[in-house]
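Breakdown of the fold
Now for the letters of each chain:
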Amino acid sequence: MKNNIFKIASLCSLIMTTSCVDIDTTPYDTDTDLTFWGKPNAAEIAINTCYPWLTNPHEIFYRDAMSDNAYSNKSDASYPAFIGNGTFTVEDGFVRGVWSGRYGGIRLCNKVLDNIDKVPGLSETLKKQYIGEAKVLRAISYYELVIRFGDIPYFTHTLTIPESQSIGRTPKETVINNILAELQEVLDNDMLPESYDANNLGRITKWGAMGMIARIHLSQNNWTELEKVTKQFMQDSGCELCSTYEEIFSPDNENSKEVIIDVQYARSVREHSNVLDMMPPTMGGYCVVAPLQSLVDDYIMMNGKKRTDDGSGWTLAHEFENRDPRLASTIVYHGHSYPGGSPIDTESGRDQAFTNGGATPTGYYTRKYYDYNLVAGGNGSGLNIIYLRYADILLMYAEAMAEQNKLTEEVWNKTIRPLRVRAGFTEAGALDFPSSKSKEELIDIVRRERRCELALEGLRYTDIIRWRIAEDVLNGNALGKYTGESGSIMMNGYRIIEKRKFDKNKHYLWPVPEAERLLNKNLGQNSNW
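1. Thoughts on helix H3 (residues 42–50)
Counted residue by residue, H3 has 8 buried out of 9 residues, so it is predominantly covered. Within H3, the full set of buried residues consists of Ala42, Ala43, Glu44, Ala46, Ile47, Asn48, Thr49 and Cys50.

2. Quick look at the sheet that holds strand E7 (residues 476–482)
Sheets are built from strands that pair by backbone hydrogen bonding, the pairs being arranged parallel or antiparallel. Within the open sheet, the 3 strands sit side by side as E7-E9-E8. Their pairing is antiparallel. The open sheet terminates on both sides in strands that have one partner only, identified here as E7 and strand E8 (490–491). In this structure, E8 lies alongside strand E9 (residues 494–500), joined through 2 bridges in antiparallel fashion. Along E9, the bridge assignment pairs methionine 490 with arginine 495.

3. Comments concerning the layout of surface pockets
In this approach a probe as big as a water molecule rolls over the atoms, and the regions it shows empty are the leftover space. Put simply, the second largest pocket is a space of about 600 Å³. Residue assignment for the lining of the second largest pocket shows that the elements contributing at least two residues are helix H12 (293–298), helix H19 (439–453), helix H21 (470–473), E7 and E9. A class-by-class count of the residues in the lining of the second largest pocket yields 8 nonpolar, 6 polar and 12 charged.

4. Observations concerning the packing of helix H15 (residues 390–403) against helix H17 (residues 416–423)
The geometry of H15 relative to H17 is characterised by a closest axis approach of 9 Å and an angle of 140 degrees between their N-to-C directions. In this view, H15 runs oblique relative to H17, as classed from their interaxial angle. Between H15 and H17, the contacting residues are Ala391, Leu394, Leu395 and Ala398 on the first element and Ile416, Leu419 and Arg422 on the second. Partitioned by chemical class, the residues of the contact of H15 with H17 number 6 nonpolar, no polar and 1 charged.

5. A look at the nonpolar core
With 151 residues, the main nonpolar core has Leu54, Tyr142, Ile261 and Trp510 as its most contacted residues. When residues in this core are grouped by element, the largest group, 13 residues, is from helix H7 (residues 124–149). When sequence neighbours within four positions are dropped, the list of residues in contact with tyrosine 142 reads Tyr103, Ile106, Ile152, Pro153, Tyr154, Phe155, Val175 and Ile179. Grouped together as the second largest cluster of nonpolar side chains are 6 residues, Ile300, Met302, Ala423 and Phe425 included.

6. What to know about the confidence of the model for the protein chain
In the predicted model, the protein chain carries a mean pLDDT of 93, and 93% of its residues have values of at least 70. Here residues 10–30 scores under 50 on pLDDT; set against residues more than four positions off or in separate chains, the count is 40 contacts.

7. Digging into the environment of glycine 86
Note on placement: glycine 86 falls in the loop between helix H5 (81–85) and helix H6 (93–115). Each C-alpha atom, one on glycine 86 and one on arginine 367, is 27 Å from the other, the two residues being 281 residues apart in sequence.

The rules behind each value
Residues numbered from 1 in each chain as written. Predicted model: local features only at pLDDT ≥ 70, side-chain atom pairs only at ≥ 80, totals over all residues. Heavy atoms only, no water. Buried < 20%, exposed > 50% of the residue type's maximum accessible area, 1.4 Å probe, protein only. Helix = DSSP H or I, 4+ residues; strand = E, 2+ residues; numbered from the N terminus. Pairing = 2+ DSSP bridges. 1 Å grid on protein atoms, 1.4 Å probe; cavity = no way out; pocket = protein on both sides within 12 Å on 5 of 7 lines; lining within 4 Å. Points joined across faces, edges and corners; volume = space filled by probe spheres on them. Nonpolar A, V, L, I, M, F, W, Y, C, P; charged D, E, K, R; others polar. Axes fitted to C-alpha atoms, helices over the stretch in contact; angles between N-to-C directions. Parallel < 35°, antiparallel > 145°, perpendicular 65-115°, else oblique. Contact = heavy atoms within 4.5 Å. Core = buried A, V, L, I, M, F, W, Y, C linked by side-chain atoms within 4.5 Å. pLDDT = per-residue confidence, 0-100.

What follows is the structure, encoded as structure tokens:
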């Protein structure tokens, strides 16, 4: 079954990267409805085609370039650089790609749900499981749409072409309530197993459904409900943190107990090469997306202090010493290396920052998701792409408690402390609960912890949107590394990468793509677009 997933996923990935799938596109996954659903393996094939639409490396690796974590100099319309600097329009290619891709995934899930009763010989157990998988995967796509666009077309059956050209938008709150109710139905009816055998790794589990309920509540700042679901998850799921931070993304440690939802890849079967977009030329890469100084600056010191705090011990001359160990696991700076590799020289040679030829545009490269197999002998990586992991659940619980002024030492020791122990902190100032801090200071600590633990995993943009701080962190100069130079492209010795703009009256929601509005006059448009 795993080979079938990979084969069908590879076909769908090709389609995803070469075309946009509109709501009214003729299905490519069937012979005809009259023949396809009469096959005994039709349900398995159909549900497998839904999985590539969960997410993909292109989306995950580039998402942080829409935030203050990273920058992309890739100006192709299918990349999010224009969202990051605030110049995107109603005709933006990345925005339309998200809209089209997500509705393509929804359409495939609806096809499964509309037709699964026609499949001969399908056991009730598998039927229930496939229905659960389809409902969760559909909910994920609706979640990804609603947090970007607000009100959206919402439907739970396969639309006819006339329907797709006339359907209006459903209010955001209704969509949220509906997908939460459907996910809860999946849990209440035990539609999904808690785990799978080796031939079915990557399928949505009961914990994947529960994790999505948590993520949706997080996106809406529903702190009471978020507290309940994450607490239950921590008590019942059996999920665990990997023993070290770097293990999470190692090719040798895939499908660990920390992973809740991911997209499966395998060398020579289904690969991706987007990781090369973050790596230096001497490692076979061509860097077009790179970390910003803002992210580097937010990693705390080993003593638990921010680098700007009195007594932190930070100096510019030794800026990477005694820092949160996750910094070195996530980012490659001058003199640092990839696992088993030689130090990277960002000040001269082919990897020199701010030069042409695929070198970093910010002074930094990405270390997370490094696959040694990629450099050793191929153009593609087989690393799975993680969509949701257990560390995120712990951070959601910590945030819910902090926002309710309930972040106690007991909660800290279940959430922030184990993450820092795993990262490699040893000093009491970093590990012990900061009991003297105010509610607002504890919220700030949790938010920073979230940023650094989950850096470059595609979550920062969603966080700054829901925290309503995007106008604070996405306006002004985006900076690269310190060089000490002066001039019009410098700011206090740091290289200015680009001027960014975020309009708080407009950019908290993306525009409905103009191409979609030409097809459907009932879609309307978000404010100020």
